Amino acid sequence: MDNLTSASAATADPAPDFATDDARWAAVRERAAAADGLFVYSVRTTGVYCRPSCGARPALRANVAFHAGPADAERAGFRPCLRCKPDGPALAERHAALVAEVCRLIDAADEEPDLATLAAASGISRFHLHRIFKAQTGITPKAYATARRKQRVREHLAGAAQQPSVTEAIYAAGYNSSGRFYATSRESLGMTPTAFRRGGSGATIRFAIAQCSLGAILVASTDVGICAILMGDDPAALARDLQDRFPNADLVGAEADYEAVVAQVIGLVEAPETGLDLPLDVRGTAFQQRVWQALRTIPAGRKVSYTELAALVGAPKSVRAVAGACAANAIAVAIPCHRVVRNDGTISGYRWGVERKQALLDRETVREGRE
């Protein structure tokens, strides 16, 4: 996700203003985590100082003073609260560090560790670990471990020159039996492992190229569902793009019965509010799939910023990664990454051109206004 398109130009919203004592007191009363790290407050009757988000019993305003940071509070004679530990990393940082360590444990394990093992290594209960991990990532530790194993299989299969067999790739990725992987291989790869390893060899991908109001459009499907909706000005370039994705697949074009699928996709482009009642073959990392699934919940006519989308997937600090997932989307309109804009509402990069992005947004806005 390092090689982002211009979609990664999205920036985080400015931090709330806590410059006045009234604003700081309001943050303390609301236990606003957004204020953590910007100031601390002390309570004269207890002699301690706390973070704004501290869950301790609220103090009287007359007994509260505000300080720029822990050092200022300690110079004034106050000691750190044992509950919120204001002299250490913020709770969100501690949780992020915990989750990062759990992810490292999962990545390094030869076999998928169970929740009890991860909790014991983290020094917290299984319930607490499960809750923190899901709050930080949007998925459970088990779902992360499963996604990482599938990703490793894809990487090992792609490195065919170094990996002599599919079976070895499966075991190298952390599966303790090939049967467990083959049971879900079509879901994770869109085809059999051997076909994926060979660049789609043995897999049949049907496709057709047509014209719509936004130019040329290519629609392609595996036996799982639609795997690509590409748009552009040059039909030959779209065909080359598909071939580059699956260089050894059996690409079958111009089938009469597939024209009905293409017609449905063109109908979606012309009237996005109608939706697409066709299965999709969506392949990507666990995080990309979370972003793409969240995109599909955004109704036609509505726009969200990259920051809002990051919050929607439960990863508010991963704005750049969210932008990268949008840029990696190969199923135009059906996964509506065109509905994501910069925080100031301006149009940012789009894989198929900002003009097409603006056109899609304009027609959705017009139809929403009519309704």
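Predicted model, so just to flag it, every value in this text is computed and none were measured. (Residues numbered from 1 in each chain as written. Predicted model: local features only at pLDDT ≥ 70, side-chain atom pairs only at ≥ 80, totals over all residues. Heavy atoms only, no water.)

A few points about the sheet that holds strand β3 (residues 64-67)
Working step 1: The sheet built from four strands is open, its strands ordered β3-β1-β2-β4 with mixed pairing. Both outer strands of the open sheet, β3 and β4 (79-80), are each paired with one neighbouring strand and no more.
Working step 2: In the sheet, strand β1 (residues 40-43) pairs with β3 via four bridges, with the strands oriented antiparallel. Paired with Ser42 across the two strands is Ala65, which belongs to β3.
Working step 3: Helix α1 (residues 21-30) rests against β1 and β3 of the sheet, and its axis sits at about 110° to β3. (Pairing = 2+ DSSP bridges. Helix = DSSP H or I, 4+ residues; strand = E, 2+ residues; numbered from the N terminus. Contact = heavy atoms within 4.5 Å. Axes fitted to C-alpha atoms, helices over the stretch in contact; angles between N-to-C directions.)

What about the pairing of strand β7 (residues 226-232)?
Two faces, one strand: in a regular strand the side chains alternate between the faces of the sheet.
Working step 1: In terms of residue burial, β7 counts as a mostly covered element, since seven of its seven residues are buried.
Working step 2: Alignment of strand β6 (residues 215-221) against β7, held across six bridges, turns out to be antiparallel. Across the sheet, the residue bridging to Ala216 is Gly232, located in β7.
Working step 3: Taking the residues between adjacent antiparallel strands as the criterion, β6 and β7 are bridged by four residues. (Buried < 20%, exposed > 50% of the residue type's maximum accessible area, 1.4 Å probe, protein only.)

Notes on the nonpolar core
Working step 1: Counting 58 residues, the largest nonpolar core has Ile217, Ile226, Met231, Val291, Leu295 and Leu309 as its most contacted members.
Working step 2: Of all elements in the fold, only β5 (204-212), β6, β7, α11 (235-245), α12 (259-270), α13 (286-295), α14 (306-312) and α15 (319-328) reach the threshold of two or more residues within this core.
Working step 3: With residues up to four places along the chain from it excluded, the contact list for Val291 reads Leu309, Val313, Val322, Ala325 and Cys326.
Working step 4: If you look at the next biggest cluster of nonpolar residues, it comprises 16 residues, including Phe18, Ala27, Phe39 and Cys84. (Core = buried A, V, L, I, M, F, W, Y, C linked by side-chain atoms within 4.5 Å.)

Notes on the packing of aromatic side chains
Working step 1: Summed over the entire model, instances satisfying the criterion amount to three aromatic pairs.
Working step 2: Ring geometry for Phe39 and Phe66: centres 5.8 Å apart, planes at 80°, overall edge-to-face. With Phe39 in the loop between α1 and β1 and Phe66 in strand β3, this residue pair connects regions lying 27 residues apart in the sequence.
Working step 3: Its relative accessible area of 14% is what places Phe66 among the buried residues.
Working step 4: Members of the aromatic cluster, each reached through a chain of ring pairs, are Phe18, Phe39 and Phe66.
Working step 5: Above the ring of Phe39, the side-chain terminus of Arg24 is found at 5.6 Å from the ring centroid.
Working step 6: The ring of Trp25 carries Arg61 above its face, with NZ or CZ at 5.6 Å from the centroid. (Phe/Tyr/Trp six-rings, centres within 6.5 Å; stacked < 30°, edge-to-face > 60°. Lys NZ or Arg CZ within 6 Å of the ring centre and 35° of its normal.)

Some details on the environment of Thr365
Working step 1: Counting through the fold element by element, Thr365 comes out in helix α16 (residues 354-370).
Working step 2: Distance in space between the C-alpha atoms of Thr365 and Arg302 is 7.8 Å, their sequence separation being 63 residues.

Purely spatial values, then, with no claim about function.
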